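Listed below are the residues making up each chain.
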Amino acid sequence: ENGLSKMNDLLIAPLTKSQSGVEGALKINGTLLDLNKEDVSLDIWKAFADNLRLTLSDLSISGLDTIRSPIKMLEPRSSSAHLLENQLSLGTIDKPLDASVRFGLQVGGATSPLATDNIMDLQLSMPSMEVLAVLFATVQESRFMKFPLKDVLNFSCWLSMIPVSEKSFMIDVGLAMHYLDVLFDGGIMAKTACVSCSNSWLEDFNSIVDFLDENNFIGGLKSRALSIASDLLQGDWVQGMADKQIVAASQLCPHDSAFGSLISDQTYPTFKGTRDLVDGIMYTGFPLVQVIAIVMAQKHSNLEIASPVDIELDVPDGAKLIDLTDLSSIAGWADMALEEVRNYLGGTTESNDLGITSMLQSLFLDDDGLLTIPIEDQGFDAGGVKLSLFDVTMVGLDSFTMFDVLKASSQNRFSNSVKLQRLGVTLKMGLSVEDESSEQARRLLERGLNTNELETITVSLILKDVELDVSLLMAMDQDLMGELKLGSILNTNHIFSCLLSTIHSVGLSEFVVDIGDIEEFSISGFISEDTSESIQSITAAILAEYKPMILEAIPALTSTTIRPILHGVLQVLVDTARDDGACPEPDSSLDGTLDFRDLL
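Residues numbered from 1 in each chain as written. Predicted model: local features only at pLDDT ≥ 70, side-chain atom pairs only at ≥ 80, totals over all residues. Heavy atoms only, no water.

Quick look at the overall build of the protein
And then number 1: Helices and strands together make up the secondary structure of the protein, namely 16 helices and 18 strands.
And then number 2: Of the contacts formed within the protein by residues at least 6 apart in sequence, a portion of 74% connects residues at least 24 apart. (Helix = DSSP H or I, 4+ residues; strand = E, 2+ residues; numbered from the N terminus. Contact = heavy atoms within 4.5 Å.)

Right, here's the structure in full:
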């Protein structure tokens, strides 16, 4: 009468109830995926977070008892004895097919400025879905013929008849997915729900999902998710999960010889990422970063710019600190020298550039005005996926229009004001996936490249018309400063570390950034052309809709939220600079006379 198949009441409802306790529902409790990066070794990253963990667990599917025509169930394929064709149409307007999985994201530690611990339920509702699946299955004839009628409704007994997958006499045995395709007539409705969220803005995540859906992001995510799901269902990881369920089913079937026995400690294949999976993660992750920026901006759009913070510096007893307002304690000429330095750095040279620009160009910047900092990063390695950070490149350090720095506003505080036409950062990373099955992987192999070798991926963020107001607190030791060797600070590679080594403690009491425009936010390398075009499209839509609000909120965001993060990074830099060897002694082998041409 309601257009549903009688199979729902006769078979699906009792089978699913025996598995999950709920008619029409299938539940797989426990951890499905756990990617964990612990014990971060690089000090600069420790300033942000000590660990990163991503988990997927507790998969639940309901509405399985809404099967309707057309139906094809376990129909043998004429060309094979073990391939079973299936075609199911599920879901109604009143009772859609619902799927949910629990997603966990944990970042940082107790002292991390980025510390977060969120557990969310990701839910998909599908009013109409058609599944085309071809299963490979083998069943032992003797087990089938001796199957007692009393256990005919026991799902575990049916499952236990299938042998665990293995190669035996050159014939595949077991249970596996041979082919899968899924069609959605009424689309997919997505929503989220916080189970335990340390970030309150995640409570409003549904409005963000609606925006992404309007800009075709959810549709693209759906197609990628189906392709990835098909690959995973035909892979060793899911095969191992199926084998594990078969073994467990034997122990739950009353007429099975293994009934009631303990579960063995057999090892099953672990999760291995694929190129399509990583490509899908990037497709999802890059817009998600922008969405997080939108939400953060919304939370700060009505906030005032924070006033400078009073920070108590950690200074050893008896330490003799330099009074930044009166440098005569160092040398009688020190105040005059500092003023000369300020005038040079902030003044205009013969080339009409500021002094700071000329100095950076001669010492640090390459011919394109870029400052590249190599990073010794051990990287992230899990599930056959490896990600390493190669270097960080600063953009726009040759575009200063104002450089008013080192203004002593108190005994231990320097105030600084800077303006640049452009300022940005480019992260160059290496990414590899132990997967040779995808189209991209095949292309790499055809070019003679190894898929396990790191491929370069670049992420860039460049801003226009940037203004910074920074107040820096420093407890600089007069005795340590006096003990610095001239030869140590004349080496431009070590001057920064040498100066930091004289500081007991540092604090960022004010950090305000004002931005005129966002010039570029992009990602390139590794990802497919289709993913690249989709990311560009959603990025353009986000900036068109939200850029004015983001730019307006940046001063409050930087002064209240970003400042504490950079404060922690500064302290790590100071601690690192004070390690032995950070400021090396002058070369003791020098025994000649000074060449004034080199000096001057």
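Observations regarding the pairing of strand 17 (residues 455–476)
And then number 1: The pairing of strand 16 (residues 413–433) with strand 17 spans 18 bridges and is antiparallel. By the bridge assignment, Lys419 is partnered in strand 17 with Glu467.
And then number 2: Note: strand 17 against strand 18 (residues 503–524), 18 bridges, orientation antiparallel. The residue of strand 18 that forms the bridge with Met476 is Ile503. (Pairing = 2+ DSSP bridges.)

Remarks on the packing of helix 6 (residues 217–233) against helix 8 (residues 275–300)
And then number 1: Running from amino to carboxyl end, helix 6 crosses helix 8 at an angle of 155°, the nearest separation of the two axes being 9 Å. Our classification of the angle between helix 6 and helix 8 gives roughly antiparallel. Viewed along their axes, helix 6 and helix 8 form a crossing whose handedness is left-handed. In contact with Phe217, Gly220, Leu221, Arg224, Ser227, Ile228 and Asp231 of helix 6, helix 8 contributes Asp276, Leu277, Asp279, Gly280, Tyr283, Thr284 and Pro287.
And then number 2: A per-class count over the contact of helix 6 with helix 8 returns 6 nonpolar, 4 polar and 4 charged. (Axes fitted to C-alpha atoms, helices over the stretch in contact; angles between N-to-C directions. Parallel < 35°, antiparallel > 145°, perpendicular 65-115°, else oblique. Left-handed = near helix turned anticlockwise from the far one by under 90°. Nonpolar A, V, L, I, M, F, W, Y, C, P; charged D, E, K, R; others polar.)

Describing the state of the cysteines
And then number 1: Taken as a whole and assessed by the stated rule, the structure comprises 2 disulfides.
And then number 2: The disulfide bridge from Cys157 ends at Cys253, spanning 2.1 Å between sulfur atoms. Between Cys157 and Cys253 the sulfur-sulfur dihedral comes to about 105°; the bridge is accordingly right-handed. Placement of the pair is Cys157 in helix 4 (residues 155–160) and Cys253 in the loop between helix 7 (236–250) and helix 8, with a sequence separation of 96 residues. (Disulfide = S-S within 2.5 Å.)

Considerations on unusual backbone geometry
And then number 1: The omega torsion of the bond from Ser69 to Pro70 falls at 0°, within 30 degrees of zero and hence cis.
And then number 2: Phi is positive for Asn352, which is not a glycine, with a value near 65°.
And then number 3: With phi around 60°, Leu406 is a residue other than glycine that occupies positive phi space.
And then number 4: One can find Leu406 in strand 15 (residues 400–410).

Some thoughts on helix 1 (residues 7–20)
And then number 1: The end-to-end C-alpha distance of helix 1, which contains 14 residues, comes to 18 Å, matching closely the 20 Å that a straight helix rising 1.5 Å per residue would cover.
And then number 2: If you look at helix 1, its biggest bend is around 30°, right at Ala13, and the proline Pro14 turns up within four residues after that.
And then number 3: Looking only at helix 1, the buried set comprises Met7, Asn8, Ile12, Ala13, Leu15, Thr16 and Ser20. (Expected span 1.5 Å × (residues − 1). Bend = angle between axes of the 7 residues up to and from the residue. Buried < 20%, exposed > 50% of the residue type's maximum accessible area, 1.4 Å probe, protein only.)

Things to note about the sheet that holds strand 4 (residues 83–90)
And then number 1: Spatial strand order, 3-4-7-10: 4 strands in an open sheet with antiparallel pairing. The sheet is open, and its two borders are formed by strand 3 (68–76) and strand 10 (175–184), each paired with just one other strand. Between one strand and the next, the sheet's axes are offset by a mean angle of 15°, whatever the strand orientation.
And then number 2: Summarising the sheet, strand 3 and strand 4 pair through 4 bridges and their orientation is antiparallel. The residue of strand 4 that forms the bridge with Glu75 is Glu85.

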